[in-house]
Amino acid sequence: MKNRSIGAALTCALLLTACGAEQEEPELAGSNSDPLIVAPSKRAPKVDQLYLRLASDGVGVLSLEFAPSDRKRVIEENKGAAFEMSLDAREKAVTFNDSGIKPDLKAGDGLFSAAVPIDLERLSQINSEISKLKTRTLQTFEPGSRFAAKPIEISQTSAIDIEALKKGATIRLPNLAELGPLRALGGVTTAAINPQKSLLIRSLPVIEDPARTMNPCDSIAANAPLKKWTFGYLMEQMAIGSGLTASQFVEQWLASWRTQQIVNASSGSLVLDATSAAAAASVDSMIINPWRQRSGGGALNLSIAPFRLQAILYRPDLAQSSPYLGGAAGNNGGELRFVFGLMEVRDGNRDGDARDGVDTCQPIEAAAIFEYGVPITSCAGIKDWANKWVNLSALLPGDPAYGTALEALTEQVVRNGAAPSNPNQNALNQLRTNEIDLTGIWQMREFVIRPGSGPLQQTTTKNNPREHQASFTSVPGTTPAPIDLNGTDALLTEILASMSPGYTMPEARGGVPFMGGASTYNAGTFWDHPDLETPAELEARFRFSSNTCSGCHTGETDTLFYHIRPAGPGGVPSISALLQGPLTVTDNRGLSHSFAEMDNRKQALASLANQSCSFRVGIPPFQVLRLPLLSVH
């Protein structure tokens with residue numbers, strides 16, 4: 001699984017300017033034909049502020065102020081205070097320097113400067129549009145998080161000070177945040193984004209689209225060939241290159257519930273999951289045996305896979321878009337997700353379907369979530385991808401145009417070969433499950449395709465400490481003892497460590513596993529420690545706990561396990577209060593925390609759709625890096 005935690009978030013605006021009409025490119029100091037940074041960086045530098053001044057007619061000086069630690073790293077990596085950046089590989093790179101070489105004004109002042117085209121008329125258009133907005137009150141989010149911050153009022157003085165620019169002054173570029181209504185910045189507004197059409201799609205015309213989905217109650221003939229939004233099709237594409245048939249690929253995955261799994265952390269240390277002894281009997285009696293009987297007694301027929309589509313989601317908040325080496329710096333288009341609900345399907349009269357009075361076709365408490373990384377790395381590609389998701393909001397689910405457009409987006413990601421460098425050439429990041437009817441306890445698991453090529457294998461559940469409730473998660477002398485929710489020293493250490501910017505929960509610390517092989521739940525889970533006392537420590541506790549599987553799905557978001565609760569045929573799955581939002585939750589320490597999940601995702605989508613992919617458009621980028629949500633959920 002890729003690591004989504006990529007360093008501290010920017011404090012500059014989240015909105016990138018849009019590509020406009022092509023203009024004649026002026027001569028820019030320090031330009032050359034190389035579109036890449038001179039010295040590749042493993043992570044993009046943190047930019048604290050962006051500044052602009054005019055150098056001559058049509059040319060401005062854009063200055064990036066790095067955090068001190070990042071400035072030092074940039075100098076070390078580039079063997080000097082200069083580096084090159086390009087927003088588009090088709091354009092000349094622009095040299096930024098802090099060496100006092102023009103257009104930089106002063107060596108060592110922390111400002112890396114470069115000459116870029118500036119169109120004062122277009123800047124004036126931005127000011128004019130801001131002045132006409134009915135409201136300039138914005139919901140803001142802490143960079144890289146889903147936590148809602150205090151709304152801010154964009155005053156008139158936050159507009160670009162063009163008069164000062166004309167007089168030769170250096171101005172700080174305003175935080176335009178998500179003022180998407182500005183046509184000069186691309187015109188994509190958050191108001192134009194309907195989450196039910198573009199972000200969390202669960203309407204019946206989509207999840208029961210007869211051309212693309214299947215009803216597990218139907219016969220094999222009704223669902224053949226495999227349709228593009230079905231469990232069977234996704235598994236078939238995933239199995240190519242594994243050395244297994246699609247049926248074998250699925251059955252080997254289901255066998256994970258038959259025995260207690262020994263999961264290896266990256267360190268090589270062993271972690272046991274929380275499978276109960278009853279799970280083997282349950283997975284056979286409830287899933288595999290009736291499925292095999294309906295398949296004629298042999299291989300499992302994926303045309304009648306007992307999994308009903310519940311939702312298709314796009315997660316733009318998990319995207320990263322920056323000019324820093326594109327894919328080499330971690331650029332991606334976020335995640336595409338499919339949510340399926342598991343069904344108990346029995347053909348009692350053996351007539352081929354499960355629609356009769358003696359048959360069974362009902363949902364059980366289990367879900368499978370396919371989470372694909374969108375394998376797009378270029379700024380222009382991510383921008384185009386985001387705009388196509390925005391465009392879905394103007395269409396009607398159930399109309400042919402909507403289904404065609406959505407299928408084109410999903411196929412770009414899920415088909416075999418979409419990610420040639422990945423195992424099985426599949427773009428899957430991870431497959432997660434959450435269920436209670438198989439194991440008898442609420443449990444979440446995580447699976448990835450084995451490196452190189454091969455089947456799905458269980459891995460540690462990311463951002464969740466090893467089991468804390470079931471004694472059978474530890475074998476004395478073989479695996480470490482479970483971590484207590486409210487007292488383990490290792491837990492205290494990690495909560496305090498999470499106060500550092502860019503913290504990533506480790507799989508293991510000092511060779512001892514910290515994450516678990518599965519996550520179990522009690523209603524109202526809060527990870528805590530009695531030694532946490534100061535406001536900063538309590539805030540760290542909340543952030544740490546809400547980023548765990550068990551905290552996110554229970555206490556920290558006031559959720560009853562599911563964020564999308566599966567429904568049977570004809571039913572629309574319900575969603576948690578977090579996904580409906582805005583939501584304020586009081587935690588176990590009496591502190592209140594606010595979420596606005598869909599607003600956050602809408603702003604992320606607008607940001608990607610409006611981003612600038614060129615220095616040539618005459619508007620400075622109001623952000624040179626968009627960081628993803630620093631969470632796996």
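Notes on the structure in this doc start here. Predicted model, so just to flag it, every value in this text is computed and none were measured.

Structural notes on the overall build of the chain
- The helix and strand tally for the chain stands at 15 helices and 24 strands.
- A burial count over the chain gives 59% of its 633 residues as buried.
- Residue pairs in contact within the chain that sit at least 24 positions apart in sequence constitute 71% of those at least 6 positions apart.
- Here the chain has roughly 23800 Å² of accessible surface; of this, 52% comes from carbon and sulfur atoms.

Focus: helix H7 (residues 246-254)
- Counting buried positions along H7 yields seven of nine residues, so the element is predominantly enclosed.
- Looking only at H7, the buried set comprises Ala246, Ser247, Phe249, Val250, Glu251, Trp253 and Leu254.

Notes on the environment of Ile441
- Checked against the element boundaries, Ile441 lands in the loop between strand S15 (428-435) and strand S16 (443-449).
- For Ile441, a relative accessible area of 25% puts it in the partly exposed group.
- In this structure, the C-alpha to C-alpha distance between Ile441 and Thr520, residues 79 residues apart in sequence, is 6.9 Å.

Focus on the state of the cysteines
- A complete count under the given rule lists one disulfide for this structure.
- Disulfide pairing places Cys217 opposite Cys361 at an S-S distance of 2.0 Å. Disulfide Cys217-Cys361: the torsion about the S-S bond is -90°, which places it as left-handed. Taken as a pair, Cys217 in the loop between helix H5 (204-207) and helix H6 (231-239) and Cys361 in strand S14 (residues 360-373) lie far apart in primary sequence, 144 residues in all.
- The class for Cys217 is buried, based on a relative accessible area of 7%.
- Cysteine Cys552 shares no disulfide, and the gap to the nearest cysteine sulfur, in Cys549, comes to 7.9 Å.
- On the basis of relative accessibility, which here comes to 2%, the residue Cys552 falls in the buried class.

Considering the packing of helix H9 (residues 379-391) against helix H10 (residues 400-414)
- The geometry of H9 relative to H10 is characterised by a closest axis approach of 10 Å and an angle of 145° between their N-to-C directions. Read as a crossing pair, H9 and H10 show a hand that is left-handed. Taking contact as the criterion, the partners of Trp385, Lys388 and Trp389 in H9 are, on H10, Leu406, Leu409, Gln412 and Val413.
- Of the residues contributing to the contact of H9 with H10, the split by class is five nonpolar, one polar and one charged.

What to know about the packing of helix H11 (residues 489-497) against helix H12 (residues 535-546)
- The N-to-C vectors of H11 and H12 enclose an angle of 100°; their axes lie 8 Å apart at closest approach. When the interaxial angle is binned, H11 and H12 end up roughly perpendicular. Contact with H11, carried on its side by Leu491, Glu494, Ile495 and Leu496, involves Glu537, Ala540, Arg541 and Phe544 of H12 and no other residues of that element.
- Partitioning the contact of H11 with H12 into residue classes produces five nonpolar, no polar and three charged.

So, how was this worked out
- Residues numbered from 1 in each chain as written.
- Predicted model: local features only at pLDDT ≥ 70, side-chain atom pairs only at ≥ 80, totals over all residues.
- Heavy atoms only, no water.
- Helix = DSSP H or I, 4+ residues; strand = E, 2+ residues; numbered from the N terminus.
- Buried < 20%, exposed > 50% of the residue type's maximum accessible area, 1.4 Å probe, protein only.
- Contact = heavy atoms within 4.5 Å.
- Areas by Shrake-Rupley, 256 points an atom, 1.4 Å probe, with all protein chains shown as cover.
- Disulfide = S-S within 2.5 Å.
- Axes fitted to C-alpha atoms, helices over the stretch in contact; angles between N-to-C directions.
- Left-handed = near helix turned anticlockwise from the far one by under 90°.
- Nonpolar A, V, L, I, M, F, W, Y, C, P; charged D, E, K, R; others polar.
- Parallel < 35°, antiparallel > 145°, perpendicular 65-115°, else oblique.

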